[in-house]
Amino acid sequence: MKSAVETLNPTRVRLSIEVPFEELKDSLDAAYKKINQQVTVKGFRKGKIPARVIDQRFGRGAVLEEAVNDALPKFYTEAVNEGELNVLGQPEVDITELKDGELLAFTAEVDVRPEIEIPDYSGIEVTVDALEVTDEEVEKAVEQLRERFASTNPVERAAADGDVVTIDLQAKVDGEVLEDGVADGVSYTIGSGELLDGIDDAVTGLEAGGEATFTSQLKGGSAEGKDAEVTVKVTAVAARELPELDDDFAQMASEFDTLEELKADSRKRLETTKQYDQATQAQERVLEELLKLAEVPIPEKLLADEVQTRKHNLEHHQLGQMGLDLEKYLEIQGKTLEEFENETSEQAIKGIKTQFILDELVNKEKLNVNQEELTEHLMRRAASSGMSPDQFAQAVVEGGQVPMLVGEVARGKALAVVVEAAKVVDTNGEIVDLEDDEDEAAEATETAEAATEEKADDKAEEKNEA
């Protein structure tokens, strides 16, 4: 076999391959054997039909077609290995010559990873939020804990903001009560915004037995999106009572003996969270700067496939779980289809560039992934997917996705190398030292992974649930 490589552009090549006919012998034998098992000829036992009879009855062309289909992948792979090509996706194959007994010639056009020159990233400098925890933030955290321990007591007065009311609801559209528009005994906290628009004003001021009617757009059910006339009846009013902020509360709500100890722990927890957020912010901003420095050609077909994959995942997985279609999602986001497609394309380009650059860094820095790092990453991915580590590991192995996970960890380590070399300062001008952060590589893995995956916009889900 002879092969030659022609570079069409930085991300695509054409392979020209010539195969002497004697190298097709194994594929020809396999073709005759396969046809032998599929056909019957009177006077011959199944599987024992001579080649000359198959040629006479079914045509030599059918045999050659079967043999060529069998041989092409093998010779294509040999040519790829011979040319030391890093191919992406499936090739477009064109048979240019087939002379029985003499020669098979074909071309294969395929995308390849572009050669990337890693820029000097030692001069990257980014600014992140300062690590500051205010007294107000501590008070808010303690207040949220206090809210969790609130109790409710029935009261005989008009409902007010913050009260918990028990209500019956009935929704009408065009004067007809909806089959799924009736609900009794619903518990609702006034001001929470968890039900229909307008319900807070309707129930505020009502005592048990009171009733009001208001108009609201339905957010779900058979008449979703339509304006409905909603009748609400209050059957009970309860006031929420918060525990006193004292040492007794600290002992009830935590392992601490005093309120001051509880507040000190809340401050420490907030600092830990902000440290994590600061490290993640640094990694994201360093990655953005690295992408600006590097020239990365993007294969057109790979980009088109990636955009299609992201759109499919959004429409058929993420939005489906949220009870939305693409049209409703775009309406919530306030975007046109063109804006959405442009954003999806930009995200796909960023993901491809990130993967190419970090993979090149992995090779350049000779970074390896050990079993402990892979296991830790697998457990994080399992937790985020809602599966047990054993279930997730089994799914990964059965799906042949272990190399993908290894790649994610390696890219995270490559990003950590760049972050370590960068200068990170906070908004106060202080140098931020991330070198001693045990979770830096893990966070960088998640940052690099996030840049290469499609994720539904959390804001759409929040608005849908509101």
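On a predicted model such as this, the values are computed, not experimentally measured, just so you know.

(A) Molecular detail of the pairing of strand E1 (residues 2–9). Pairing analysis gives 7 bridges linking E1 to strand E2 (residues 12–20), with the strands arranged antiparallel. If you follow glutamate 6 over to E2, its bridge partner there is arginine 14. In this antiparallel pair of consecutive strands, E1 and E2, the connection spans 2 residues.

(B) Broad picture of the pattern of salt bridges. Inspection of the entire model under this criterion finds 28 salt bridges. Two residues, arginine 240 and glutamate 147, come together in a salt bridge whose shortest N-O distance is 2.9 Å. Taken as a pair, arginine 240 in strand E10 (residues 227–241) and glutamate 147 in helix H4 (residues 135–148) lie far apart in primary sequence, 93 residues in all. For glutamate 147, a relative accessible area of 34% corresponds to the partly exposed category.

(C) Seen up close, the packing of helix H7 (residues 259–293) against helix H10 (residues 337–365). Taken N-terminus to C-terminus, the directions of H7 and H10 make an angle of 90°; their axes are 10 Å apart at the nearest point. With respect to their mutual orientation, H7 and H10 come out roughly perpendicular. Of H10, the residues touching H7 (which contributes Leu287, Glu288, Leu290 and Leu291) are Lys350, Lys353, Thr354, Ile357, Leu358 and Leu361. Partitioning the contact of H7 with H10 into residue classes produces 6 nonpolar, 1 polar and 3 charged.

(D) The sheet that holds strand E4 (residues 103–112), seen in detail. Pairing within the open sheet is antiparallel, and its 4 strands lie in the order E1-E2-E4-E3. The sheet is open, and its two edges are formed by E1 and strand E3 (87–99), each paired on a single side. Averaged over all adjacent pairs, the angle separating strand axes in this sheet is 20°, with direction ignored. In this fold helix H3 (residues 60–82) packs onto E1, E2, E3 and E4, with an angle of close to 125° to the strand it touches most, E3.

(E) Focus on the UniProt feature "domain: PPIase FKBP-type" (unreviewed entry) in the chain. Following the UniProt record, the feature "domain: PPIase FKBP-type" (unreviewed entry) maps to residues 162–215 here. With 9% helix and 54% strand, residues 162–215 has end C-alpha atoms that lie 22 Å from one another.

(F) Structural view of the packing of aromatic side chains. Within this structure, the stated rule accounts for 2 aromatic pairs. With a centroid separation of 6.1 Å and 90° between ring planes, the pair formed by phenylalanine 149 and phenylalanine 249 is classed as edge-to-face. Of this pair, phenylalanine 149 sits in the loop between H4 and strand E6 (151–154) while phenylalanine 249 sits in helix H6 (residues 247–253), and the two are 100 residues apart along the sequence. Overall, phenylalanine 149 belongs to the partly exposed group, its relative accessible area being 31%. Note on phenylalanine 249: relative accessible area 1%, which makes it buried. Between tyrosine 329 and phenylalanine 340, the ring centres sit 6.4 Å apart and the planes meet at 80°, which makes this aromatic pair edge-to-face. With tyrosine 329 in helix H9 (residues 326–333) and phenylalanine 340 in helix H10, this residue pair connects regions lying 11 residues apart in the sequence. Considered together, tyrosine 329 and phenylalanine 340 belong to a single accessibility category, that of buried residues.

About the criteria used
Per chain, residue numbering runs from 1 following the sequence as it is written. Where local features are concerned, this predicted model is filtered to residues with pLDDT of at least 70; where side-chain atom pairs are given and counted, the filter is 80 or more; whole-chain, interface and lining totals use all residues. Computation of side-chain values covers all heavy atoms of the structure but excludes hydrogens and water. Any two strands with at least two DSSP bridges between them are considered paired. Helix and strand assignments come from DSSP, with helices taken as H or I runs of at least 4 residues and strands as E runs of at least 2, each series counted from the N terminus. Whenever a carboxyl oxygen of Asp or Glu lies within 4 Å of a side-chain nitrogen of Lys or Arg, that contact is scored as a salt bridge. In this scheme, a residue with accessible area under 20% of its type's maximum is buried, one over 50% is exposed, and one in between is partly exposed, where area comes from a 1.4 Å probe on protein chains only. Each axis is a line fitted through C-alpha atoms, and for a helix only the stretch in contact is used; angles between axes span 0 to 180 degrees, taken between their N-to-C directions. Every angle not falling under 35 degrees, over 145, or within 65 to 115 is termed oblique; those three ranges are roughly parallel, roughly antiparallel and roughly perpendicular. In what follows, residue pairs with any heavy atoms lying within 4.5 Å of each other are defined as contacts. The residue classification treats Ala, Val, Leu, Ile, Met, Phe, Trp, Tyr, Cys and Pro as nonpolar and Asp, Glu, Lys and Arg as charged. All others, Gly included, are polar. UniProt positions are given in the numbering used here, feature names are shortened, and annotations may be inferred rather than shown by experiment. Stacked, tilted and edge-to-face are the three classes assigned to paired rings of Phe, Tyr and Trp, where Trp is represented by its six-membered ring and a pair needs centres within 6.5 Å; plane angles under 30 degrees give stacked, over 60 edge-to-face, the rest tilted.

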